Amino acid sequence: MEPSRKTSPVPVTSLALAIVLGLATGNNAAIAATTTKVPDGARPMTAAELYMLYHDKSWRWPDGAGRMQNTDRRFSAWVDGTGGRSWAEGRWAVTDAGRLCLDATWHAANGQFPAKTCFIHRILDGTIYQKRETDGAWFVFRHPITKKTDEATNLIADDLVSQRLEAVKTSLNVRKTE
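These notes cover the structure that comes with them.

How each quantity is defined
- Residues numbered from 1 in each chain as written.
- Predicted model: local features only at pLDDT ≥ 70, side-chain atom pairs only at ≥ 80, totals over all residues.
- Heavy atoms only, no water.
- Core = buried A, V, L, I, M, F, W, Y, C linked by side-chain atoms within 4.5 Å.
- Buried < 20%, exposed > 50% of the residue type's maximum accessible area, 1.4 Å probe, protein only.
- Helix = DSSP H or I, 4+ residues; strand = E, 2+ residues; numbered from the N terminus.
- Disulfide = S-S within 2.5 Å.
- Lys, Arg positive; Asp, Glu negative; His and termini not counted.
- Salt bridge = Lys/Arg side-chain N within 4 Å of Asp/Glu carboxyl O.
- Contact = heavy atoms within 4.5 Å.

What follows is about the nonpolar core. In this structure, Tyr 54, Trp 59 and Phe 141 are the most contacted members of the largest nonpolar core, which totals 27 residues. For this core, the elements supplying multiple residues, two or more each, are α3 (47–54), β2 (57–61), β4 (74–81), β5 (84–94), β6 (99–108), β7 (111–124) and β9 (139–142). One finds Ala 65, Trp 78, Val 168 and Leu 172 within the second-largest nonpolar core, a separate group that totals seven residues.

So, in structure tokens, the structure goes:
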């Protein structure tokens, strides 16, 4: 793998911010986040509960997808939107404090950068609440009886990443050699 090229920190930072903000901020989550308060008594989800929720699932985003593979807890993702194309590979982890963290190196036409994005989860009576750490807003991730508008409906067993990831990698490599 080639070492990253030196680039201006502004474009890389902008892309990193766009990618990190894009995770779990689909229309459903953004709308719900404006009014949701986590009720008293909600507890952090356990690592086992989070593992069951996320393992071997793809998380569909408005302009891409991320995949949490069971094998070696690998995380891979691609984004192809108005901010450009990028891809990531790294690891995912869960804790008994209710945290899911995606720790990966993102690659784009203007360089590569590490990014760690974590989400906090609370549960009460079957309702799962989620927020992006540290400045995200709480929203209902999944209701006890799942609604079509729940963000959790974007977690699917199909692999939405592997094939598209290779295409994005290839397109970025072609641009670098042009």
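There is more to say after this.
Glancing now at the state of the cysteines. Counted by the stated rule, this structure contains one disulfide. There is a disulfide in this structure between Cys 101 and Cys 118, and the S-S distance comes to 2.1 Å. What sets the handedness of the Cys 101 and Cys 118 disulfide is the S-S torsion sign, and at about 110° it is right-handed. Pair noted here: Cys 101 is in strand β6 and Cys 118 is in strand β7, with a separation of 17 residues, a long-range link. For Cys 118, a relative accessible area of 6% gives the class buried.

This part is about the side chain of Lys 131. Looking at where Lys 131 falls in the secondary structure, it is placed in strand β8 (residues 127–132). Buried and unpaired, Lys 131 has no salt bridge, with Glu 133 as the nearest side chain of opposite charge at 7.4 Å. When residues no more than four places from it in sequence are discounted, the contact partners of Lys 131 are Cys 118, Phe 119, Ile 120, Gly 136, Ala 137 and Trp 138.

In the segment running from Glu 133 into Thr 134, the intervening peptide bond is cis, with an omega of 0°. Examined against the element boundaries, Thr 134 turns out to sit in the loop between β8 and β9. The phi torsion at Asp 125 lies on the positive side, around 50°, for a residue other than glycine. Of note, Asp 125 is situated in the loop between β7 and β8.

It is worth stressing that arrangement in space is one thing and function is another; only the former is reported here.
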